[in-house]
Amino acid sequence: MAAMERPSRRFRPVSGNVLPRFAGIPTFMRLPHVNLEDAADDIDIALFGIPWDGGTTNRPGARHGPRQMRDLSTLMRNVHHVSGLQPFELANCADIGDTPVNPIDLEDTLARVERFVGEIHAKNITTLAAGGDHLVSLPILRAIGGDDVGMVHFDAHTDTWDRYFGESRYTHGTPFRRAIEEKLLDPKRIVQIGIRGGLYTPEDKEWGLAQGIRVIEIEEVFDLGVEGVVREARRVVGNGRVYVSFDVDALDPVYAPGTGTPEIGGMTTVQAQGMIRGLRGLDLVGADVVEVAPPFDPSGNTALVAVTMMFELLCLLAECHGRFSKKS
Ligand code: MN
Ligand code: MN
């Protein structure tokens, strides 16, 4: 068959008025599942899973996150109820499936994810990833990061720890130390929001502060309130390129119990939504939502919370795409 000129295709979620929301094969936000090779020229924002938890040091399960998140994401709709943003009208969004992973080889998985995300990035497609444990942010940043990239990081943990069991440098507690060492992020333009919980040693806290990271511990989040945190986060990241990484354990475990390393005394879902909305207008290069571990929350509520944060982020990415993207 002769090669044909491919028409530009619009991808939109299947309406709940056409196919009931509980029916059909679940994809992220009910978007078409498309092959990157077949549709790269058409896609503006790629949603994908990274079903891998080989960086988890304690309670595994985040490898099952993307599948449950896809299921619960069928509850999302088209219009943001506060901003009025319609991400699927602003940008061509698609579910491109899961990255390749190797469940028994950490370094091989990091290489596979980096290669996959690198291919997306090379085609000027914005990435919105669903983890997986938090180590998956490292290969994403290896593909799209740089020393001009800042980060807004929601988490109970700084994830700037150094080593585990002596010499292991790659765990879900170390991705951002490695990213800073590899100059994939500008530490002076990183803000970490919601940090709490005990440490192994005082040095765990000091290293990040010494790099210039702005750490807003949960007590300060409550003192500043949503508006104050947003003001401070925007001051820190400024006008340059910004990545957003959202670890569901930033939320109090009453909202997100399905995660590997829960810490009590966290933020509420409403506060987190408010803080993400406050990032509107930043030059966002991509985002991820990680650490959903369905075995610890078979109800699916943690996954629902996580995909709702994905929808909040998608609204910002889609608007940003129109303002900053190199694509027409
Ligand atoms: Mn984390
Ligand atoms: Mn965490």
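To be clear, the structure that these remarks concern was listed above.
It should be emphasised that the depicted structure is a prediction, and the values quoted were computed from it without experimental measurement.

Conventions and cut-offs
- Residues numbered from 1 in each chain as written.
- Chains lettered and ligands numbered in written order.
- Predicted model: local features only at pLDDT ≥ 70, side-chain atom pairs only at ≥ 80, totals over all residues.
- Heavy atoms only, no water.
- Salt bridge = Lys/Arg side-chain N within 4 Å of Asp/Glu carboxyl O.
- Helix = DSSP H or I, 4+ residues; strand = E, 2+ residues; numbered from the N terminus.
- Buried < 20%, exposed > 50% of the residue type's maximum accessible area, 1.4 Å probe, protein only.
- Donors = N, O, S within 2.8 Å, 3.2 Å for Na, K, Ca; no water.
- Pairing = 2+ DSSP bridges.
- Axes fitted to C-alpha atoms, helices over the stretch in contact; angles between N-to-C directions.
- Contact = heavy atoms within 4.5 Å.
- Lys, Arg positive; Asp, Glu negative; His and termini not counted.
- Polar contact = N/O pair within 3.5 Å; in protein donor to acceptor, adjacent residues only side chain to side chain.
- Phe/Tyr/Trp six-rings, centres within 6.5 Å; stacked < 30°, edge-to-face > 60°.

Looking now at the pattern of salt bridges. Applying the stated criterion across every chain yields a total of 21 salt bridges. Here Glu182 ties to Arg142 by a salt bridge, and the two come within 2.8 Å at their closest N and O atoms. Highlighted residues: Glu182 in the loop between α6 (175–181) and β5 (190–195) and Arg142 in helix α5 (residues 137–144), separated in sequence by 40 residues. Relative accessible area serves as the criterion here: at 23%, Arg142 is assigned to the partly exposed category. The closest approach of N and O atoms between Arg214 and Glu220, which form a salt bridge, is 2.6 Å. Owing to a relative accessible area of 27%, Glu220 belongs among the partly exposed residues under this scheme.

Moving on, we get to the coordination of the manganese ion (ligand 2). A four-donor tetrahedral metal ideally has 109.5 degree angles, and a six-donor octahedral metal ideally has angles of 90 or 180 degrees. Distances from the manganese ion (ligand 2) to its protein donors, Asp155 (OD), His157 (ND1), Asp247 (OD), Asp249 (OD) and Asp249 (OD), fall at 2.0 to 2.5 Å. Along the chain, the residues donating to the manganese ion (ligand 2) are arranged with the sequence spacing D-x1-H-x89-D-x1-D. A spacing of 3.2 Å is found between the manganese ion (ligand 2) and the manganese ion (ligand 1), which share Asp155 as a donor. Of this pair, Asp155 sits in the loop between β4 (149–154) and α6 while Asp247 sits in strand β7 (residues 241–247), and the two are 92 residues apart along the sequence.

Before going further, it helps to spend a moment on the coordination of the manganese ion (ligand 1). Looking at the manganese ion (ligand 1), the protein donor atoms are His134 (ND1), Asp155 (OD), Asp159 (OD) and Asp247 (OD), and they sit 2.1 to 2.2 Å from it. Summarised as a motif, the one-chain spacing of the donors to the manganese ion (ligand 1) is H-x20-D-x3-D-x87-D.

Here we come to the sheet that holds strand β3 (residues 126–131). On the basis of which strands lie adjacent, the open sheet formed by eight strands has the order β2-β1-β3-β8-β7-β4-β5-β6 and parallel pairing. Strand pairing shows two members of the sheet lacking a second neighbour, β2 (93–98) and β6 (214–217), which therefore form its edges. Each strand of the sheet is rotated relative to its neighbour by a mean of 15°, with strand direction disregarded. Packing against the sheet, helix α2 (residues 65–73) makes contact with β1 (45–50), β2, β3 and β8 (283–290), and its axis sits at approximately 110° to β3. Sheet strands in contact with helix α8 (residues 218–237) are β4, β5, β6 and β7, and its direction is about 155° off that of β6.

As a buried residue without a salt bridge, Asp247 has its nearest oppositely charged side chain in Arg196, at a separation of 8.3 Å. Reaching out from Asp247, the side chain makes a polar contact with the side chain of His134 at a distance of 3.3 Å. A distance of 2.9 Å separates a polar side-chain atom of Asp247 from the backbone nitrogen of Asp249. Non-local contacts of Asp247, meaning those with residues more than four positions away in its chain, are made with His134, Phe154, Asp155, Asp159, Thr259, Val290 and Glu291.

Moving on to the packing of aromatic side chains. Within the structure shown, the criterion is met by five aromatic pairs. Geometrically, the ring pair formed by Phe48 and Phe116 is edge-to-face, given 5.6 Å between the ring centres and 65° between the ring planes. With Phe48 in strand β1 and Phe116 in helix α4 (residues 106–122), this pair connects stretches of sequence that are 68 residues apart. On the basis of relative accessibility, which here comes to 13%, the residue Phe116 falls in the buried class. A centroid spacing of 6.4 Å and a plane angle of 45° characterise the contact between Phe88 and Phe311, whose relative ring orientation is tilted. A residue pair is termed long-range when its members are at least 10 positions apart, and Phe88 in helix α3 (residues 87–90) and Phe311 in helix α10 (residues 301–324) qualify at 223 residues. For Phe88, a relative accessible area of 2% translates into the label buried.

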